[in-house]
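The residues making up each chain are set out below.
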Amino acid sequence: MPNLLSIRSYSANPVSHSHEFNQIVLPLRGVINIHVDDFSGKVAPRECVVIRANEKHLFAAEREARFIVADMRNLPNNLISSGQIVFEINKPLLNYLLFIESQLENQINPLIEQSMYETFYLLLESQNLLPKLDARINNALLYITEHIAEPLNIATLAEVAYLSPTQFKKIFKAQLGVTVLEHITQLRMEKAQALLTHTDYSLQIVGEKVGYKDLSAFSRKFKQYFGLSPKNFKN
């Protein structure tokens, strides 16, 4: 069986089967209701469900829903070792799914399709495998990602999550294993590192793109996080 990426829809009537290959299902629009191993529930956009070879699964989805499906001979080591069934995917993989959809809908090109699969595999291999999260926390995470260049505070994020600030901080830490501010700092520093490596933006612009209007504040935080200043890192 070849490794294969495809766009699929499913029946609203539950279907049960298994297959001799591994399969990754990633919702683009709509949700899939699925029972596999000890997971039973909905998998939505920004999430991924792993179906291992010969594993019987029961699933259904609205006809309008669309999914990127990867049929895979082998799973990346991070998925094998974790045993995770459903997990959150990061923004690079989420965005890459849209490219896959566009390419598959508009052109047949085996070389591009092979390259797409290889890139998909590498992105899958880089996932942190965060467990399926409370929808309220997921809303806050999406807000953080989309507003990373703006001031972010607990009160605003708690409101996005429809929780009190105290509840929000407690549930966030329980689900992600880090505080809200630690998570925001990590995202900002990783994005800053990528911008310094892959673009010719000035240090001021990089700082602004990750939420620091003051260059000295950005430099201090970057050095505290990585052990050297952004200027030395860029050089």
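Scroll up to find the structure this text is about.
Residues numbered from 1 in each chain as written. Predicted model: local features only at pLDDT ≥ 70, side-chain atom pairs only at ≥ 80, totals over all residues. Heavy atoms only, no water.

Observations concerning the overall build of the chain
1) Next: In terms of regular secondary structure, the chain is built from 10 helices and 10 strands.
2) Next: Reported as C-alpha extents along the three principal axes, the dimensions of the chain are approximately 55 × 45 × 35 Å.
3) Next: A fraction of 72% describes how many contacts in the chain between residues 6 or more apart in sequence connect residues 24 or more apart.
4) Next: As displayed, the chain offers around 12700 Å² of accessible surface, 52% of which is attributable to carbon and sulfur atoms.
5) Next: Of note, the chain has its 24 positive side-chain charges centred 7 Å away from the centre of its 23 negative side-chain charges. (Helix = DSSP H or I, 4+ residues; strand = E, 2+ residues; numbered from the N terminus. Contact = heavy atoms within 4.5 Å. Areas by Shrake-Rupley, 256 points an atom, 1.4 Å probe, with all protein chains shown as cover. Lys, Arg positive; Asp, Glu negative; His and termini not counted. Charge placed at Lys NZ, Arg CZ, Asp CG, Glu CD.)

A short note on the sheet that holds strand β6 (residues 47-51)
What holds strands together in a sheet is hydrogen bonding between their backbones, with the strands either parallel or antiparallel.
1) Next: Here we have 6 strands laid out as an open sheet, ordered β1-β8-β3-β6-β9-β10, and antiparallel in their pairing. A strand with exactly one partner marks an edge of an open sheet, and here the two such strands are β1 (4-8) and β10 (130-131).
2) Next: Examined bridge by bridge, β1 and strand β8 (residues 66-72) share 5 bridges and lie antiparallel to one another. When the bridges of β8 are listed, Ile7 appears paired with Ile68. (Pairing = 2+ DSSP bridges.)

Here we look at unusual backbone geometry
With the exception of glycine, the majority of residues adopt a negative phi angle, and the majority of peptide bonds are in the trans configuration.
1) Next: Not every positive phi belongs to a glycine, and Asn54 is a case in point at roughly 65 degrees.
2) Next: If you trace the backbone, Asn54 turns up in the loop between β6 and β7 (57-61).
3) Next: Look at Asn54 and you get exposed, because its relative accessible area is 55%.
4) Next: The phi dihedral of Tyr162 is positive, around 55 degrees, even though this residue is not glycine.
5) Next: Relative to the assigned elements, Tyr162 resides in the loop between α5 (154-160) and α6 (165-176). (Buried < 20%, exposed > 50% of the residue type's maximum accessible area, 1.4 Å probe, protein only.)

Observations regarding the packing of aromatic side chains
1) Next: Applying the stated rule across the entire model yields 12 aromatic pairs.
2) Next: Ring centres 5.4 Å apart and planes at 50 degrees place the aromatic pair Tyr10 and Phe67 in the tilted group. Remark: Phe67 occurs in strand β8 and Tyr10 occurs in the loop between β1 and β2 (15-17); sequence separation between them is 57 residues.
3) Next: Assessed through its relative accessible area of 0%, Phe67 is described here as buried. (Phe/Tyr/Trp six-rings, centres within 6.5 Å; stacked < 30°, edge-to-face > 60°.)

Some thoughts on the sheet that holds β7
1) Next: If you trace the 4 strands from one edge of the open sheet to the other, you get β2-β7-β4-β5, paired in antiparallel fashion. Pairing within the sheet leaves two strands with one partner each, and these edge strands are β2 and β5 (39-43). Each neighbouring strand pair of the sheet contributes to a mean axis angle of 20 degrees, computed without reference to strand direction. (Axes fitted to C-alpha atoms, helices over the stretch in contact; angles between N-to-C directions.)

A short note on helix α7 (residues 180-198)
1) Next: In a regular helix each residue adds 1.5 Å, so 19 residues correspond to 27 Å; α7 covers 27 Å between its end C-alpha atoms and thus fits that length.
2) Next: Looking at α7, one finds that the buried residues are Val180, His183, Ile184, Thr185, Arg188, Met189, Ala192, Leu195 and Leu196.
3) Next: Looking at the packing, one finds that the buried side of α7 touches α4 (135-146), α5, α6, α8 (203-209), α9 (215-226) and α10 (230-234). (Expected span 1.5 Å × (residues − 1).)

Describing the nonpolar core
1) Next: In this structure, Ile24, Leu26, Leu97 and Phe120 are the most contacted members of the largest nonpolar core, which totals 23 residues.
2) Next: Within the residue set of this core, elements represented by two or more residues are β3 (22-29), β6, β8, α2 (91-106) and α3 (110-125).
3) Next: In terms of residues, this core owes the most to one element, α3, which gives 5 residues.
4) Next: When sequence neighbours within four positions are dropped, the list of residues in contact with Phe120 reads Leu5, Ile24, Leu26, Ala70, Met72, Leu93, Tyr96, Leu97 and Ile100.
5) Next: Counting 17 residues, the second largest nonpolar core, distinct from the first, contains Leu133, Leu141, Ile144 and Ile184. (Core = buried A, V, L, I, M, F, W, Y, C linked by side-chain atoms within 4.5 Å.)

Overview of the environment of Ser164
1) Next: Mapped onto the fold, Ser164 is located in the loop between α5 and α6.
2) Next: Ser164 sits in the partly exposed class, given a relative accessible area of 30%.
3) Next: Between the alpha carbons of Ser164 and Ile154 there is a distance of 9.4 Å; along the sequence they are 10 residues apart.

Side note on the packing of α4 against α6
1) Next: Between α4 and α6, the shortest axis-to-axis distance is 10 Å and the interhelical angle comes to 90 degrees. Comparing their axes, α6 and α4 come out roughly perpendicular. Facing Arg136, Ile137, Ala140 and Leu141 of α4, the residues of α6 in contact are Phe168, Ile171, Phe172, Gln175 and Leu176. (Parallel < 35°, antiparallel > 145°, perpendicular 65-115°, else oblique.)

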